[in-house]
Amino acid sequence: MNDTRAIFLSYASQDADAARRICEALRAAGLEVWFDQSELRGGDAWDASIRKQIKECALFVPIISSNTNAREEGYFRLEWKLAVDRSHLMADNKAFFVPVLIGAVTETVALVPDKFRERQWSRLNDDGVIATFAVRVSKLLDGSGVSGINALNAAPALGFGPAAVALAKPDDMPSIAVLAFANRSASADDEYFSDGLADELLNVLAKIKGLRVAARTSAFSFKNKATTVDEIGRTLNVTTVLEGSVRKSGNRVRISVQLVKVVDGYQLWSETYDRTLDDIFAVQDDIAQSVVKELRTALMGGAASPSPSSMQYVASDVASEIAHATSTRSDSPEAQRLCLQARFYFNKRRPDDVRRGVELCEQAIALDPNYTDAHARLAHGLLHKAFYGGAMTFDGATVLALLRHAGVAAEAALRLDPTLAVPHMVQSWVAWIADHDGAASMRELRAAQSLAPTDAEVLRNVGYRQMELGQFEKAEAALSKGLALDPLSIALRINSAMLARHAGQPDESLRRLNAALDIDEGSWWAHDQLSRLARDNGDYEKAVEYRARAAELRGDNASAKYHRDSFATGGWKAYLAAIIREPKHSFSRYAIAQAQVDLGNVDAAFATLNDVVDNYEQHSGWFKVDSALAPLRADSRYAALLKRAGFPE
């Protein structure tokens, strides 16, 4: 056997059957293969033979699977190391590694040497694809002397084969989920950068007409999970998945991305970029343009315009669309980096992280006062800070100042780009809580919805406000549409559960909360709502325990202890008295008012609820529908309270 023209198959012992099928297909194509189970005989020195073959083989084919991922040690890892060591002696453009995926593992979670990620991968899960793979490898070897880009392009791409391109029906819309990119950098602190790049791409693609993009909360929920492309596609109802990895070192960055077809795991496109941080905008645009082109040509039978009936592809049209979609970003790389960090912190939704995100947005705006995205994100961040991140003391002046600041930032964003939906969403909250104007709040939400009719977060806000106004059927329609677009959104599911509770459907509310907990069992918000359901049902011990657990999940162990100790000393009434007595334990005025209602202190409850309005607590939106206030509704003061809070007559 001429070893210098042979192919070396490297695999975990559990994958021997799959390796044998690949070996047989390669040999049927006339290729020589080093396959240890058939080539090693009796007295052969295993280690010496392996080393010799890796040193002399023409191609190295690592077979990557859930089995290789599960094993931190194994002989195949020595083989991989030997092959990587040999590759350091080769020119960068030499085709040597031909990584293969089998089973459910994806490239982003595969535990492999970085050298493997520099080449395109192949997924081989059926005999037809394996046979075509063998033909492509044969062609690669025939042209292995070709230099530069030709040699790289000759490498077999994941996704070739007879079923690689299945044309969508003319009325189908291309759909995609952009997963969180894996952070391959040496520092975990660079996670903001890998997340941010994926987030930026998602937002750009979401602005392209004719594409349906899965919402961020659902797409990013698969982060660090060994989920198959098929499972992701079925869960999010998309036909393609974009996944990738980022390695950042100083001012250099390597970005590897691949677009995978859900139905069969075929790769439609992949690329690796080695650039400086100053070139990051160009890389983002290149990726976005490539994805749009592939989705329109491969999934729509060659159509490259937003109209499915058009079969003519014009590259300049795509470039123009991408340029328009990215018009809100900054020309300053440093401002862009600060905004990426801010987005990362905002998505954590914890008080300290929200405050940090606000600071970063303000720094970005100082560098580039015309940075539209930074103004829009600052507005949204200040809103979160007002309600969750800045005033757990519930100081009304602080909350109002934050809301006014959010409104100013939203106005700045709209001056720069009147087509943005998020600033209108922020202004709807300012109108509702700061100005006590429910009608103006709904007008702002309608404006946001007209600008972004398929934005799940906008739909969530619309449905939430309709719920507060008692428009339950409209709220159900908006939240259901939002869930169809963002099926793994905890916020949408909990809002939907709140709607069922306020509509007098406790069993349905419980079912929806359990569905939310199936997605995130550590959701403090879900436990808080479980507490309210238990209180409605008169199960006070559970109500207290759920509330204590919610506090623990927020990281507030002092409040959790206070909940449990107060109930243990004297039961439900003692617990309610403790809430009224000790508001410093993160009890809102609204929680105090609820306790006063339960104790029959109606006058005190009305006084406290008026304080809720005067101190700009967001809970004033619950006045009309919360069953906890039902004993007050026959009182003449109740209608006046609703009017003060801004409810339309």
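What you see is a predicted model, and the numbers here were worked out from it, not measured in a lab. (Residues numbered from 1 in each chain as written. Predicted model: local features only at pLDDT ≥ 70, side-chain atom pairs only at ≥ 80, totals over all residues. Heavy atoms only, no water.)

## Comments concerning the nonpolar core
Part 1 of the reasoning: L403, L609 and F623 are the most contacted members of the largest nonpolar core, which totals 80 residues.
Part 2 of the reasoning: Residue contacts for L609: discarding those within four places in its chain leaves Y590, A593, F623, L629, L632 and L641.
Part 3 of the reasoning: Counting 51 residues, the second largest nonpolar core, distinct from the first, contains L179, L202, V241 and L488. (Core = buried A, V, L, I, M, F, W, Y, C linked by side-chain atoms within 4.5 Å. Buried < 20%, exposed > 50% of the residue type's maximum accessible area, 1.4 Å probe, protein only. Contact = heavy atoms within 4.5 Å.)

## What to know about the packing of helix 27 (residues 602-614) against helix 28 (residues 636-645)
Helix-helix packing is characterised by the crossing angle of the two axes and by the distance between the axes.
Part 1 of the reasoning: Running from amino to carboxyl end, helix 27 crosses helix 28 at an angle of 10°, the nearest separation of the two axes being 10 Å. Here helix 27 lies roughly parallel to helix 28, going by the angle between them. Residues V602, D603, F606, L609, N610, V613 and D614 of helix 27 touch helix 28, and the partners they reach there are R637, Y638, L641, R644 and A645.
Part 2 of the reasoning: Taken together, the residues that form the contact of helix 27 with helix 28 break down as seven nonpolar, one polar and four charged. (Axes fitted to C-alpha atoms, helices over the stretch in contact; angles between N-to-C directions. Helix = DSSP H or I, 4+ residues; strand = E, 2+ residues; numbered from the N terminus. Parallel < 35°, antiparallel > 145°, perpendicular 65-115°, else oblique. Nonpolar A, V, L, I, M, F, W, Y, C, P; charged D, E, K, R; others polar.)

## Let's talk about the pairing of strand 1 (residues 7-10)
Part 1 of the reasoning: Residues I7 and L9 of strand 1 are buried on one face, and the alternating residues F8 and S10, pointing to the opposite face, are buried as well.
Part 2 of the reasoning: The pairing of strand 1 with strand 2 (residues 33-34) spans two bridges and is classified as parallel. Across the sheet, I7 pairs through a bridge with V33, a residue of strand 2.
Part 3 of the reasoning: Crossover handedness for the path strand 1 to helix 1 (residues 16-28) to strand 2: right-handed. (Pairing = 2+ DSSP bridges. Right-handed = clockwise from strand over helix to strand, strands pointing away.)

## As for the pairing of strand 3 (residues 59-64)
If a strand is regular, its side chains alternate between the two faces of the sheet.
Part 1 of the reasoning: By the criterion of burial, strand 3 is predominantly enclosed, with six of the six residues buried.
Part 2 of the reasoning: Residues L59, V61 and I63 point to one face of strand 3 and F60, P62 and I64 to the other, with burial holding for every one of them.
Part 3 of the reasoning: Here four bridges tie strand 1 to strand 3, and the two strands are oriented parallel to one another. Paired with I7 across the two strands is L59, which belongs to strand 3.
Part 4 of the reasoning: Sheet analysis places strand 3 next to strand 4 (residues 100-101), joined by two bridges and oriented parallel. What sits directly across from I64, in strand 4, is L101.

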